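A closer look at the structure
Residue-level listing of the chains:
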Amino acid sequence: MRILTIGNSFSEDATRYLYDIAKAAGESFEIVNIAIGGCSLETHYNNMLERNKSYLYFHNGVFTGDCAELTETVESGVLDVITLQQVSHLSFNKATYYPYISELVKYIREKQPKARLMLHETWAYEDGSERLCVMAGYKTSDEMLSDIKKTYSEVAAAEGFDGVILSGDMFGALLKSGIAKIHRDTFHASLGLGRYALGLLWFKMLTGRNVSDNSFCELDEPISASDIEIIKGYIDQI
């Protein structure tokens, strides 16, 4: 399965372990992530028009040291899955998606008509953080997540996406199920638990396969066996 994610640091978080998880399950994945930190749909759209070679190029979860251009990457052979996402601090604001996401979808559908086009739902900031209260303007993480979920669902339906990868839903559910901390800096995923959970979720949503017997566990930051059990239990119920 050839996968292209067009995103930012959140897509980097999501795809860090996806190749390794797939490999442990005997699946052949190739994952390209082109990312600019803090990149919005508006910037992706402008980069598409201007053919800017301003993206960091990640291959199978590892930064290659190279830079990439959006249109060149989209058009580089047949792709099976392509994902888009809004930058996290605008993810709850539907107006910021337009007209950019419509134009990006139109372009991708034209160049990759057989690919599944997925919308990657981002997640809420940590309760009590300055980003949550000042940048996003929310009192609680639950309030932010509720608006993110509503916006992603509406945009996906309006633009004809083939599905939504429910990363925000998952983080909210895991925090309520006993996971103590899932962010590393109040907004990015933690290097071990958060990124691992994202990788398992993406694998499940792209393949339909359960993850309870997946053996991959070589993470950049250790996590407990009990947390792994909670994560796998949640994902297998999706």
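Everything discussed here concerns the structure shown above.
The rules behind each value
Residues numbered from 1 in each chain as written. Predicted model: local features only at pLDDT ≥ 70, side-chain atom pairs only at ≥ 80, totals over all residues. Heavy atoms only, no water. Helix = DSSP H or I, 4+ residues; strand = E, 2+ residues; numbered from the N terminus. Expected span 1.5 Å × (residues − 1). Buried < 20%, exposed > 50% of the residue type's maximum accessible area, 1.4 Å probe, protein only. Arc of directions from axis to C-beta. Contact = heavy atoms within 4.5 Å. Pairing = 2+ DSSP bridges. Right-handed = clockwise from strand over helix to strand, strands pointing away.

1. Some thoughts on helix α5 (residues 100-111)
Taking 1.5 Å per residue as the helical rise, α5 with its twelve residues ought to reach 16 Å, and the 17 Å between its terminal C-alpha atoms agrees with that figure. When we look at burial in α5, the residues that qualify are Tyr100, Ile101, Leu104, Val105, Tyr107 and Ile108. Looking straight down α5, one finds that the buried residues subtend no more than 165° of arc, so they occupy a single side. Turned more than 90 degrees away from the buried face of α5 sit Lys106 and Glu110, all of them exposed. Those residues of α5 hidden inside the fold are in contact with β1 (2-7), α3 (41-50), α4 (70-74), β5 (81-84), β6 (116-120) and α7 (141-159).

2. Section: the pairing of β5
Side chains Val81 and Thr83 of β5 all project onto a buried face; the interleaved residues Ile82 and Leu84 project onto the opposite face, where all are buried too. Where β1 lies against β5, three bridges are found, and the strand directions are parallel. Along β5, the bridge assignment pairs Leu4 with Ile82. You can see the chain leave β5, run along α5 and come back into β6, and the turn it takes is right-handed.

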